[in-house]
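Take a look at the letters that make up each chain.
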Amino acid sequence: MATTWFTSDLHLGHPFIAELRGFAEVEEHDRVILDNLAKSLNSGDELWVLGDISSGWEPQEERALNQLAELFAQFRGGADPLRAYLISGNHDSSHPLHEWAYTRQPRFLEVFDAVQERQVMHWQDPQGEDREVWLSHFPRPGYEHAGMESRFDELRLNVPYLLHGHLHSSAPVTAPGQVDMGVEAWGLAPVKQEEVMATLWESTRKKAG
């Protein structure tokens, strides 16, 4: 049975992030991230990456794109291939905040089936109500790394239900109805949609209670 997966902030080839995550070598960091993806995915699955595949520096970005292309190819050979989608982050040259993003789109589309700034999904909450759940790299306005002012607020969504990255949170829930899909919050691995949904609805239930 096909599965939909979510993840964010892979930061492949990024020595600073690898060190923050406790890795002595960036190669070891990348191997863990990619192995966790490979162990999770199957042909026919959908994968949503909510931004920041690398540091954004071109050599690291090209390396990350090649690594992901090689990984995805393992699940794209049959009649029901893997579909991988990127919601670009500020460290992806494909994000429209970068002046020349349009020139990088073709390169990213060699690896991903779609590349965009945001996406909306319709999920049923536990009461059976249809809810719009938005995907974006950024959390709502006002949320930023500890000690930093909120950046890129003009690009952020202020919506009731939001899956995001960017913050490198240690736990998934960053606010009621707001869930960080960054790998730090999920054991450096992608997460099934069903688990994300349960986490999202639980975050709003606690607020209501």
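Residues numbered from 1 in each chain as written. Predicted model: local features only at pLDDT ≥ 70, side-chain atom pairs only at ≥ 80, totals over all residues. Heavy atoms only, no water.

1. Topic: the environment of Q116
With respect to the helices and strands, Q116 occurs in strand β4 (residues 114-116). Overall, the relative accessible area of 22% leaves Q116 in the partly exposed class. A sequence separation of 26 residues divides Q116 from N90, and the C-alpha atoms of the two residues are 12 Å apart. Apart from residues lying up to four places away in sequence, Q116 is in contact with L86, I87 and S88. Of note is the side chain of Q116, whose polar atom sits 2.5 Å from the side chain of Q119. (Helix = DSSP H or I, 4+ residues; strand = E, 2+ residues; numbered from the N terminus. Buried < 20%, exposed > 50% of the residue type's maximum accessible area, 1.4 Å probe, protein only. Contact = heavy atoms within 4.5 Å. Polar contact = N/O pair within 3.5 Å; in protein donor to acceptor, adjacent residues only side chain to side chain.)

2. Looking at the packing of aromatic side chains
In the structure shown here, the tally under the stated rule is 6 aromatic pairs. Taken together, a centroid distance of 4.6 Å and an interplanar angle of 45 degrees make the contact between W48 and Y85 tilted. Within this pair, whereas W48 is found in strand β2 (residues 46-49), its partner Y85 is found in strand β3 (residues 83-87), the two being separated by 37 residues in sequence. For W48, a relative accessible area of 7% translates into the label buried. Each ring, one from F72 and one from F112, has its centre 5.7 Å from the other, and the planes form 75 degrees; the classification is edge-to-face. Taken together, the residues span a long stretch of sequence, with F72 in helix α3 (residues 58-73) and F112 in the loop between α4 (101-108) and β4 at a distance of 40 residues. In this structure F72 comes out as buried when scored by relative accessible area, which is 0%. (Phe/Tyr/Trp six-rings, centres within 6.5 Å; stacked < 30°, edge-to-face > 60°.)

3. Notes on the UniProt feature "domain: Calcineurin-like phosphoesterase" (unreviewed entry) in the protein
The sites that UniProt annotates as "domain: Calcineurin-like phosphoesterase" (unreviewed entry) are residues 4-169. What you have in residues 4-169 is 27% helix and 20% strand, and the ends, taken at the C-alpha atoms, are 22 Å apart. (UniProt positions renumbered as here; feature names shortened; annotations may be inferred.)

4. Remarks on the sheet that holds strand β6 (residues 130-136)
The pairing of strands in a sheet happens through backbone hydrogen bonds and is either parallel or antiparallel. Taken in spatial order, the 5 strands make up an open sheet running β5-β6-β7-β9-β8, and their pairing is mixed. Edge positions in the open sheet fall to β5 (118-124) and β8 (173-175), since each of these has one partner strand only. Averaged over all pairs of adjacent strands, the angle between their axes in this sheet comes to 25 degrees, without regard to strand direction. Bridge count for β8 against strand β9 (residues 178-180) is 2 bridges, and the pairing is antiparallel. For A175, the partnering residue across the bridge sits in β9 and is Q178. (Pairing = 2+ DSSP bridges. Axes fitted to C-alpha atoms, helices over the stretch in contact; angles between N-to-C directions.)

5. Here we look at the packing of helix α2 (residues 26-40) against α3
Closest axis-to-axis distance for the α2/α3 pair is 11 Å, and the angle between their directions is 30 degrees. As the angle between them shows, α2 and α3 are arranged roughly parallel. When you trace α2 past α3, the crossing you get is right-handed. Between α2, through E27, D30, L34, L37 and A38, and α3, the contact on the second element is made entirely by R63, Q67, L68 and L71. Of the residues contributing to the contact of α2 with α3, the split by class is 5 nonpolar, 1 polar and 3 charged. (Parallel < 35°, antiparallel > 145°, perpendicular 65-115°, else oblique. Left-handed = near helix turned anticlockwise from the far one by under 90°. Nonpolar A, V, L, I, M, F, W, Y, C, P; charged D, E, K, R; others polar.)

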